[in-house]
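Next come the chains, spelled out residue by residue.
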Amino acid sequence: MRQDTERHSKDFLRGTSANNYISKVSRKETKDMDKYFCNPCGYTYDPAVGDPEHGIAPGTAFEDIPDDWVCPNCGIDKSMFQRCIDNYN
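> Please explain the overall build of the protein chain as it appears in this structure.
Regarding its fold elements, the protein chain presents three helices and three strands. Going residue by residue from the N terminus, the α and β elements of the protein chain occur as α-α-α-β-β-β. Considering only contacts within the protein chain whose residues lie at least 6 apart along the sequence, 51% involve residues at least 24 apart. With an accessible surface of roughly 5700 Å², the protein chain has 46% of that area assigned to carbon and sulfur atoms.

> Looking at this structure, I do not really get the environment of Cys41. What am I missing?
Note on placement: Cys41 falls in the loop between strand E1 (36-38) and strand E2 (44-45). Cys41 gets classed as partly exposed once you look at its relative accessible area, which sits at 37%. Along the backbone, Cys41 and Gly75 are 34 residues apart, and their C-alpha atoms lie at a distance of 9.6 Å. Ignoring any residue separated from it by four or fewer positions in sequence, one finds Cys41 in contact with Cys71, Asn73 and Cys74.

> It is not clear to me how the sheet that holds E2 should be interpreted in this structure. Could you clarify?
Across a sheet, strands are paired by hydrogen bonds formed along the backbone, either parallel or antiparallel in direction. What the three strands build is an open sheet, ordered E2-E1-E3; its pairing is antiparallel. Of all the strands in the sheet, the pair left with one neighbour each is E2 and strand E3 (81-83). Inspection of the sheet shows E1 paired to E2 by two bridges, in the antiparallel sense. Of the residues in E2, the one forming a bridge with Phe37 is Thr44.

> Help me understand the pattern of salt bridges in this model?
Pairing between side chains becomes possible if they bear opposite charge and their charged atoms approach one another. Under the defined criterion, the tally for this structure stands at two salt bridges. Here Asp67 and Lys78 are joined by a salt bridge, their closest N and O atoms 3.8 Å apart. Of this pair, Asp67 sits in the loop between E2 and E3 while Lys78 sits in the loop between E2 and E3, placing them eleven residues apart in sequence. Under the relative-accessibility criterion, Asp67 is labelled exposed at 68%.

> Help me out: how do you make sense of the packing of aromatic side chains in this one?
Centre-to-centre distance and the angle between the planes together describe a pair of aromatic rings. A complete count under the given rule lists seven aromatic pairs for this structure. Taken together, a centroid distance of 4.1 Å and an interplanar angle of 15° make the contact between Tyr36 and Phe62 stacked. Separated by 26 residues along the polypeptide, Tyr36 in strand E1 and Phe62 in the loop between E2 and E3 bring together distant segments of the chain. Given the relative accessible area of 13%, Tyr36 is considered buried. The structure contains a cluster of three or more aromatic residues connected by ring pairs, namely Tyr36, Tyr43, Tyr45, Phe62, Trp69 and Phe81.

Calculation notes
Residues numbered from 1 in each chain as written. Predicted model: local features only at pLDDT ≥ 70, side-chain atom pairs only at ≥ 80, totals over all residues. Heavy atoms only, no water. Helix = DSSP H or I, 4+ residues; strand = E, 2+ residues; numbered from the N terminus. Contact = heavy atoms within 4.5 Å. Areas by Shrake-Rupley, 256 points an atom, 1.4 Å probe, with all protein chains shown as cover. Buried < 20%, exposed > 50% of the residue type's maximum accessible area, 1.4 Å probe, protein only. Pairing = 2+ DSSP bridges. Salt bridge = Lys/Arg side-chain N within 4 Å of Asp/Glu carboxyl O. Phe/Tyr/Trp six-rings, centres within 6.5 Å; stacked < 30°, edge-to-face > 60°.

So, in structure tokens, the structure goes:
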């Protein structure tokens, strides 16, 4: 896991609320991270937002999400996600 992601995860797990934490994650830190979408349901994972309800802190790249993570909308596994194409998803 990258150092910046580890730092974000530790800060997030200390109890910082998701809304406050999202504002602390700079766009510069996440601009090079790709968004991914779930093929079956269309959910889009945005690294700037993460998936706080399921333990994924804002600033976490999709590649750094544990393999056992599933889509929060439909429950399909991570392998069914595809990288978003700019200006398409």
